[in-house]
Amino acid sequence: MSQTLMQSSIAATSMQIIPGESQTSLSKYAHVTLSNELAVILVSDPKAERFAAALAVNAGNFQDPDEHPGIAHLLEHMLFLGTKKYPEANSYQAYIRQHGGSHNAFTSSQETNYYFDVLPDAYPEALDRFAQFFIAPTLDPNYIAREINAVDSEYRAKLNDETRRSNEAFKTLINENHPSSRFTVGNLDTLGNMPTDTLKARLQGFYDNFYTPDNMTLVLVANKPLKTLETYARTYFSDIPLRKHTQKAELPVLVQAPHKIQVFQTDTEKSLLSLSFPIPSQIQNYATQPTRYISYVLGDESKNSLFSDLKTKNWAQSLHTGITKDDGNNALFKLTIRLTDEGVTHRNEVVARVFKAIDNLKQTDINPAYIKETRTLSQLNFAYHDYVPPMHLAQLLASRSRVVSPNQLLESFRITGDAKEKDIELLLKQLSKKRVLVQWQHPSISPDEWAAAPLKWQVEPLYQGKYANANLSEKWDNEVAQDLPNNYGQPKENPYIPDNLAITNHSDASPIHIVNTPKLDFWHKTNSQFKKPTGMIFGYLGCTQNDSARDKLLLQLWAILFTDAMSESSYQPYNAGLNFSLYAHKNGLTLRTSGYTDKQMVFFKDLLNELLAFRAEPERLTVAKQEILKNLNNLDNQPPHALARHYFSKATTLGNSTRDAIQNHLISVTADEINQFIQKHIQRFRYIGYVTGNFERQESEKLANTLQNTLSNRLSEHQYQTVKVKSLAPNGRYVYQFNTRSSDSVVLYSLISTDGNNADHVERSYFRILVQLLSPRFYNEFRTEKQYGYIVGVTNQTIDQTPAIGFLVQSPNTDSDTLISEIGRFLEENSEWGNRLSDQEFEQARSAVLSQFSLTPKTLRESALEEWPHIVEPEHNFNDRETWIKTLKTLSKDDFIVFIENKIEHNQAARVVTTNQWQDTTNWQQLSIQ
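Please read these numbers as outputs of a predicted model, since none were measured by experiment.

Draft legend 1. Summary view of the overall build of the chain. The helix and strand inventory of the chain stands at 31 helices and 26 strands. In terms of overall size, the chain behaves like a compact globule, its C-alpha atoms giving a radius of gyration of 29 Å where 930 residues would be expected to give roughly 30 Å. Structurally, the chain occupies a C-alpha span of about 75 × 65 × 60 Å along its principal axes. In the chain, buried positions account for 57% of the 930 residues. In the chain, the proportion of contacts linking residues at least 24 apart, taken out of those at least 6 apart, comes to 82%. By element, 46% of the accessible surface of the chain is carried by carbon and sulfur atoms, the whole surface being about 37,600 Å². Taken together, the 93 basic and 105 acidic charged side chains of the chain have centroids lying 2 Å from each other.

Structure follows, in structure tokens:
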């Protein structure tokens, strides 16, 4: 027993079971309090194949000192960089990665959350290393300056992020005495403005004040008995010193003066209107969730809803409602509308309709049907929720435990009682024009008529967002929709809530072929292993014959416009747990439904019939074209690291089009052309169907027979097309350069196989092992030691059967030429490193990759999406997972080293650099998108 534990006068509590888990879960939950007052949640999960832990500290950026925003965030970074017991800066990250795991952390307003997962055998030592964060971190001064640079890089990586920029401007509408109004990320200006010794003292002070066991919650999730998990908690976490945390300062009111507007000038082509209403905190209302009633009605998209009306008039593309900035005392109820260009013009009418819907809710008696529906759906979703992976579950429970007692922890994830009418009515009173904060986002148009005085533009200093704040005008207050009925915005009761929740009692081992013809292929698999009354239905229409840019665009528009047209009729099924998607791909279209099996067959057949009868409308095409053009124009505003991955795929495969080419085609596309394209392709297509989940075979046979009869005149043979990778030379060096609005340099330096997109499992396994081995080395050198950037990693860039490995760095302070040179040097050094690779290092990497393929599907969705490609592909290789496992088990270190020498040292792989700012491309061949 530890000295701290022996000296403590606080008695540890005995383990207590937590009630309330869903009926399909096999996990057991318990809680215990250690002698140092650390609260611990234990989850014995028999399905866990990686074990996880999370620890939430009940303090975040709200607790930052006013003069040094970002200290909580910086401290989060510092805990990863060495402890007294494990002083090496990369020790924790390397251990987790080497043992097949992952880790992360986040700092939010009032919480800092650390979490990881790892392979089972490494769990005890991983817990020991993790616990040291909270026992004796070094806060090494040698790394403080470096991590300030990392935090600054994280800040700079979002300088062009429109959401971050508009959120920072919106803070100027918040009470300036409330911590929500402050900068939270931190940068060189807020953290680098004092000597290192002073900053270390302040970090230590924050740690001592808030990182105390009575202010933290630990969660352990593993396939171990609860008593074993309790032993782990006591063994590794009892040495956290017993201290009392500093009480948080009482928070002032969130919004002092509502009835204001902010006009924010976007850099992207974006049209958003958000209305935020101050309301009381809803954190403790988890049992009844009265705001859900309001969201359920105002956020509805079915017939007679607010959104349906706005969309019919071509004024809105989307509408969302929800709670934000809930600090435990106050919160905001937020309604956000993405406007079309027509909606921007008719903004006064849009606002009038929003408040007409709100006023109708206020004037109408509370509808018990809506309360019943929200409760029923909440309970159904909880009762049959999908499996939550251990690391996500640990992080989620640790967060929730901050505000909910252990005994109510599981119950808090569902509505257990009816919201009181008085609570709903009180909330509705808050939703008035006099109590709103309006934010308008647009690149050029400003609703001057909503401002009580001429707008005075300002520049937010951190993200350089241009905005203007003003009081709302009489025009805003007096705009009324006179022509709308008193039931406007109030949808009908939902008829799609499932009635039959019976679960079949058997499962098929693999998909069964029930129809097999050259024109129609149909498969079935009853799958009840997840004990849920849910299923999935797939319908593939193979109809495309070529890769022309215009045909690809027409196919995509078909899918986009159909999805748009179905939004009203599919919303109530969606709300009741029935989802659909239609997506375009190289071979045609795939229609997919998922959710409760009750009513799903009818839902799928109705959608398929609608798809075959669908024709594009010119008005909706205009709106869709506007949105696509905006997205294309906004592409350069995406994070550089995301663009690098995007352009790598585009530049290394055939059949792609440049942005300019797509824009040129899009401008001239007409509804008539789309409809001619649809008419042509629905007359001749190959159909492949798959039904899986809580469906019996006879149900699938009935659907297959129906489709054979109804589609017989349309069915045709179709040649399946695969991804075409460009032919790259074994010693080739290629570069693709792209533009960004960010000033950061980004380099994705990839090694890609040149075996003609038919690499076997052995070669693809070697690439995965190489990613596993080089990832911690690359991260430590480029991120921790040399501080080239915050976004650093080794990624699997494999395309179909062409393996590739990518070395990614996004840097605010190092140019692309230097990064490319440094990555090249790293590769040369590590090609020779292969000869120094120990048996243990190789075995750890091989086992980590093997564990990824050994993970069994935990949800029907995972299982079905693994099977579906093998159903569509002609080979029907349902044993692909077993082939991977068998291959990985037989690999040897010696053969791997030969592979490394050939691919890296002898340059048998092609090298592809995707970057945005490279000056010297001598000896590198330019790639193009085509």
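Draft legend 2. How the structure looks around the sheet that holds strand S8 (residues 260-265). Read across the sheet, seven strands follow the order S10-S11-S9-S12-S8-S14-S13 without closing on themselves; strand pairing throughout is mixed. The open sheet has two edge strands with one neighbour each: strand S10 (316-324) and strand S13 (458-459). Sitting on the sheet, helix H13 (residues 347-363) is in contact with strand S9 (272-280), strand S11 (330-339) and strand S12 (437-442), with an inclination near 30° to S9.

Draft legend 3. View of the environment of Leu 79. On the secondary structure map, Leu 79 appears in the loop between helix H2 (71-78) and helix H3 (91-98). Overall, the relative accessible area of 0% leaves Leu 79 in the buried class. Considering only alpha carbons, one finds Leu 79 and Phe 134, 55 residues apart in sequence, at a separation of 8.3 Å. Sequence-distant contacts of Leu 79, that is, excluding residues within four places in its chain, are made with Tyr 114, Phe 133, Phe 134, Pro 137, Leu 139, Tyr 207 and Tyr 211.

Draft legend 4. Geometry of the side chain of Gln 844. Tracing the sequence through the fold places Gln 844 in helix H28 (residues 839-854). With sequence-adjacent residues up to four places away left out, Gln 844 is seen in contact with Gln 98 and His 99.

Draft legend 5. Representation of the sheet that holds strand S23 (residues 791-796) within the structure. Judged by pairing direction, the sheet is mixed, and its six strands sit side by side in the order S23-S24-S22-S25-S21-S26 without closing on themselves. Here the strands that pair on one side only, and so sit at the sheet edges, are S23 and strand S26 (925-926). As paired elements, strand S21 (residues 733-737) and strand S25 (residues 910-915) share five bridges and run parallel to each other. When the bridges of S25 are listed, Tyr 736 appears paired with Thr 914. The sheet contacts of helix H22 (residues 640-652) involve S21, strand S22 (745-752), S23, strand S24 (804-811) and S25, and relative to S22 the element is tilted by about 35°.

Draft legend 6. Fine view of unusual backbone geometry. Phi angles above zero are rare outside glycine, and Gln 464 is one such case at about 60°. Looking at where Gln 464 falls in the secondary structure, it is placed in the loop between S13 and strand S14 (466-471). Unlike most non-glycine residues, Lys 599 shows phi in positive territory, near 80°. Position of Lys 599 relative to the elements: it lies in the loop between strand S19 (588-596) and helix H20 (600-613).

Draft legend 7. Geometry of the pattern of salt bridges. For the structure on display, the rule yields 46 salt bridges. Across the pair Arg 146 and Glu 785 runs a salt bridge, and its minimum N-O distance is 2.8 Å. Of the two residues, Arg 146 is situated in helix H5 (residues 141-156) and Glu 785 in helix H26 (residues 761-785); the sequence distance between them amounts to 639 residues. The partly exposed category is assigned to Glu 785, whose relative accessible area is 31%. The salt bridge involving Arg 414 is made with Glu 411; its shortest N-O contact spans 3.0 Å. Classification of Glu 411 by relative accessible area gives partly exposed; the value is 21%. When salt bridges that share partners are traced, they join Glu 781, Lys 786, Glu 822, Arg 825 and Glu 829 into one network.

Draft legend 8. The arrangement of the nonpolar core in detail. Tyr 123, Phe 130 and Phe 134 are the most contacted members of the largest nonpolar core, which totals 62 residues. For this core, the element with the highest residue contribution is helix H9 (residues 226-237), accounting for six residues. Ile 366, Tyr 370, Ala 419 and Tyr 488 belong to the second-largest nonpolar core, a separate cluster that totals 59 residues.

Draft legend 9. Structural detail: the environment of Asn 546. Within the secondary structure, Asn 546 is located in the loop between strand S17 (534-542) and helix H18 (549-565). The sequence separation of Asn 546 and Ile 900 amounts to 354 residues, and the corresponding C-alpha distance is 38 Å.

Draft legend 10. How the structure looks around the confidence of the model for the chain. Per-chain confidence: the chain averages 94 in pLDDT, with 99% of residues scoring 70 or above. Note that residues 1-10 has pLDDT below 50 and, in this model, 15 contacts with residues that lie over four places away or in other chains.

Draft legend 11. Just the environment of Ala 453, in detail. Structurally, Ala 453 is set in the loop between S12 and S13. Taking relative accessible area as the criterion, Ala 453 reaches 41% and is therefore assigned partly exposed. Distance from Ala 453 to Ala 576, taken between C-alpha atoms, is 46 Å for residues 123 residues apart in sequence.

Draft legend 12. Region of interest: the packing of aromatic side chains. Following the criterion strictly, the structure yields 55 aromatic pairs and no others. Judged by centre distance (6.1 Å) and plane angle (75°), the ring pair of Phe 277 and Phe 355 falls under edge-to-face. With Phe 277 in strand S9 and Phe 355 in helix H13, the pair connects residues that are 78 residues apart, well separated along the chain. Its guanidinium or amino end placed over the ring of Phe 413, Arg 400 lies 4.0 Å from that ring's centre, counting from NZ or CZ. Against the face of Trp 884 rests Arg 768, its NZ or CZ located 5.1 Å from the ring centre.

Draft legend 13. Examining the pairing of S25 more closely. Burial analysis of S25 places six of its six residues in the buried class, which makes it a mostly covered element. On S25, burial covers both faces: Ala 910, Val 912 and Thr 914 on one face and Arg 911, Val 913 and Thr 915 on the other are all buried. Of the pairings in the sheet, the one linking S22 to S25 comprises six bridges and is antiparallel in character. Across the sheet, residue Ile 752 finds its bridge partner in S25, namely Ala 910.

Definitions and cut-offs
Residues numbered from 1 in each chain as written. Predicted model: local features only at pLDDT ≥ 70, side-chain atom pairs only at ≥ 80, totals over all residues. Heavy atoms only, no water. Helix = DSSP H or I, 4+ residues; strand = E, 2+ residues; numbered from the N terminus. Rg over C-alpha atoms; globule rule 2.2 N^0.38 Å. Buried < 20%, exposed > 50% of the residue type's maximum accessible area, 1.4 Å probe, protein only. Contact = heavy atoms within 4.5 Å. Areas by Shrake-Rupley, 256 points an atom, 1.4 Å probe, with all protein chains shown as cover. Lys, Arg positive; Asp, Glu negative; His and termini not counted. Charge placed at Lys NZ, Arg CZ, Asp CG, Glu CD. Pairing = 2+ DSSP bridges. Axes fitted to C-alpha atoms, helices over the stretch in contact; angles between N-to-C directions. Salt bridge = Lys/Arg side-chain N within 4 Å of Asp/Glu carboxyl O. Core = buried A, V, L, I, M, F, W, Y, C linked by side-chain atoms within 4.5 Å. pLDDT = per-residue confidence, 0-100. Phe/Tyr/Trp six-rings, centres within 6.5 Å; stacked < 30°, edge-to-face > 60°. Lys NZ or Arg CZ within 6 Å of the ring centre and 35° of its normal.

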